[in-house]
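# Results of the structural survey
Letter by letter, the chains look like this.
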Amino acid sequence: MIKAITFDLDDTLWAVDPVIELANRSLWDWLTENAAQYTDRFILADLVEGSEMRRQLLERHPEISHSVTLIRLKLLEQGMLQCGYTEFEASALSSQAMDVFIEARHQVELFAHARAMLEGLHARGFKLGALSNGNAEVKRTGIGDLFDFQFNADQVGQMKPHPLMFEKALEHASLQAEQVIHIGDHPVNDVEGSQKVGMWTIWVNLDGALNWPAGQKKADAEVTSLDQIDAMVDKILQQAQKRIRF
């Protein structure tokens, strides 16, 4: 029987783009005020995914490619040094700038029905876990009280769809894969990744905006609104009971 349900966070329980936009603005405002030599030389785009600075950094430090926090921190430190700050100043300023970014990173606006849905699952006795490639800590959002555990790429050293994060969740919860449903918006990182360890899957496709990738095994269920998740959990429970029976 199903004992636990794990959730992706970004673009599953809240929209990530406006959160990152706010966090980037907050970071840049702080840097402009406290590290003007940096903002005089660089632009915000140098810090984001796809920039040449980021590409070069990951060529030199592939061991941090799983960690969005370490990547940004090292980009800041590298830039500070290039601007003439001492190693001590570069480390201190970069750390403070990241604190500003992370604080804003947690000012999330939940999708419609998110909290009510989680409250319902929690009340039904399911263990709830968060599994994220990002650097949001669920305990710092408005739903942290409903979650029993969280793992992210920083902690485990690998990003989804690598199986390690899912395996860590199973080990922590002392459950078999067939006792867990994973819910997320990404067909590969969430659905395919959790399928490969044997979990049940629900694809969050809000408003039906996306088409399922051709040739890929479908999730066990799909929802276009978070208030549909409870019914899909019941559907999977019925399927799980049939497996046990036969």
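The structure we're discussing is the one just above.
The notes below deal with the structure included here. (Residues numbered from 1 in each chain as written. Predicted model: local features only at pLDDT ≥ 70, side-chain atom pairs only at ≥ 80, totals over all residues. Heavy atoms only, no water.)

## Looking at helix H5 (residues 87-105)
Structurally, the α-helix is built with 3.6 residues per turn, so residues lying three or four positions apart point the same way. Basically, it comes down to this: Helix and strand assignments follow DSSP, with helices taken as H or I runs no shorter than four residues and strands as E runs no shorter than two, numbered in order from the N terminus. To estimate how far a helix should extend, the number of its residues minus one is multiplied by 1.5 Å. Burial here depends on accessible area, computed with a 1.4 Å probe over protein chains only, as a share of the maximum for the residue type. Under 20% is buried, over 50% is exposed, and the range in between is partly exposed. Contact criterion: two residues are considered in contact whenever any of their non-hydrogen atoms come within 4.5 Å of each other.
Here H5 contains 19 residues, and its C-alpha end-to-end distance of 26 Å stays within 8% of the 27 Å for a straight helix at 1.5 Å per residue. Every buried residue of H5 is listed here: Ala90, Leu93, Ser94, Ala97, Met98, Phe101, Ile102, Ala104 and Arg105. Lining the buried residues of H5 we find helix H1 (16-34) and helix H4 (68-82).

## Some points on the environment of Phe166
In this fold, Phe166 is placed in helix H8 (residues 164-173). A relative accessible area of 0% means that Phe166 is categorised as buried. Along the sequence, Phe166 and His182 sit 16 residues apart, while their C-alpha atoms lie 8.9 Å from each other. Ignoring sequence-local partners within four residues, the contact set of Phe166 consists of Leu131, Lys160, Pro161, His182, Asn189, Asp190, Gly193, Ser194, Val197 and Met199.

## Focus on the packing of aromatic side chains
Where we set the bar: The aromatic pairing rule takes the rings of Phe, Tyr and Trp, using the six-membered ring of Trp, and pairs them if the centres are within 6.5 Å, calling planes under 30 degrees apart stacked, those over 60 edge-to-face and the rest tilted.
A complete count under the given rule lists 5 aromatic pairs for this structure. Both rings, one in Tyr38 and one in Phe42, keep their centres 4.9 Å apart while their planes meet at 40°; by these two values the pair is tilted. With relative accessibility at 9%, the residue Phe42 sits in the buried group. Centroid distance Trp203 to Trp212: 4.7 Å. Interplanar angle 75°. Geometry classified as edge-to-face. The exposure classification of Trp203 matches that of Trp212, with both residues buried. Counting every residue linked through ring pairs, the aromatic cluster contains Trp28, Tyr38 and Phe42.

## Focus on the packing of helix H3 (residues 52-60) against H4
Counted only if it meets this: Lines fitted to C-alpha atoms define the axes here, with helix axes fitted over just the stretch in contact, and angles between the N-to-C directions of these axes take values from 0 to 180 degrees. Any angle between 65 and 115 degrees counts as roughly perpendicular, while under 35 counts as roughly parallel, over 145 as roughly antiparallel, and the rest as oblique. Three categories are distinguished: nonpolar for Ala, Val, Leu, Ile, Met, Phe, Trp, Tyr, Cys and Pro, charged for Asp, Glu, Lys and Arg, and polar for the others, with Gly belonging to the last.
H4 packs onto H3 with a crossing angle of 105° between their chain directions and a minimal axis gap of 10 Å. As summarised for this structure, H3 and H4 are arranged roughly perpendicular, according to the angle between their axes. Taken together, the residues of H4 that come into contact with H3 (itself represented by Met53, Arg54, Leu57, Leu58 and Arg60) are Ile71, Lys74, Leu75 and Gln78. Partitioning the contact of H3 with H4 into residue classes produces 5 nonpolar, 1 polar and 3 charged.

## Regarding the pattern of salt bridges
Quick reminder of the rule: Here a salt bridge means any side-chain nitrogen of Lys or Arg lying within 4 Å of a carboxyl oxygen belonging to Asp or Glu.
This model, assessed by the stated rule, comprises 14 salt bridges. Of the charged contacts in the structure, one is a salt bridge between Arg55 and Glu59, with a shortest N-O distance of 2.4 Å. With Arg55 and Glu59 both in helix H3 and 4 residues apart, this pair spans about one turn of that helix. Among the residues examined, Glu59 registers a relative accessible area of 58% and is labelled exposed. For Arg115, the salt bridge is made with Asp145, and the minimal N-O distance between the two is 2.8 Å. On the criterion of sequence distance, the pair formed by Arg115 in helix H6 (residues 114-123) and Asp145 in the loop between strand E2 (127-132) and strand E3 (149-152) is long-range, its members being 30 residues apart. For Arg115, a relative accessible area of 28% corresponds to the partly exposed category.

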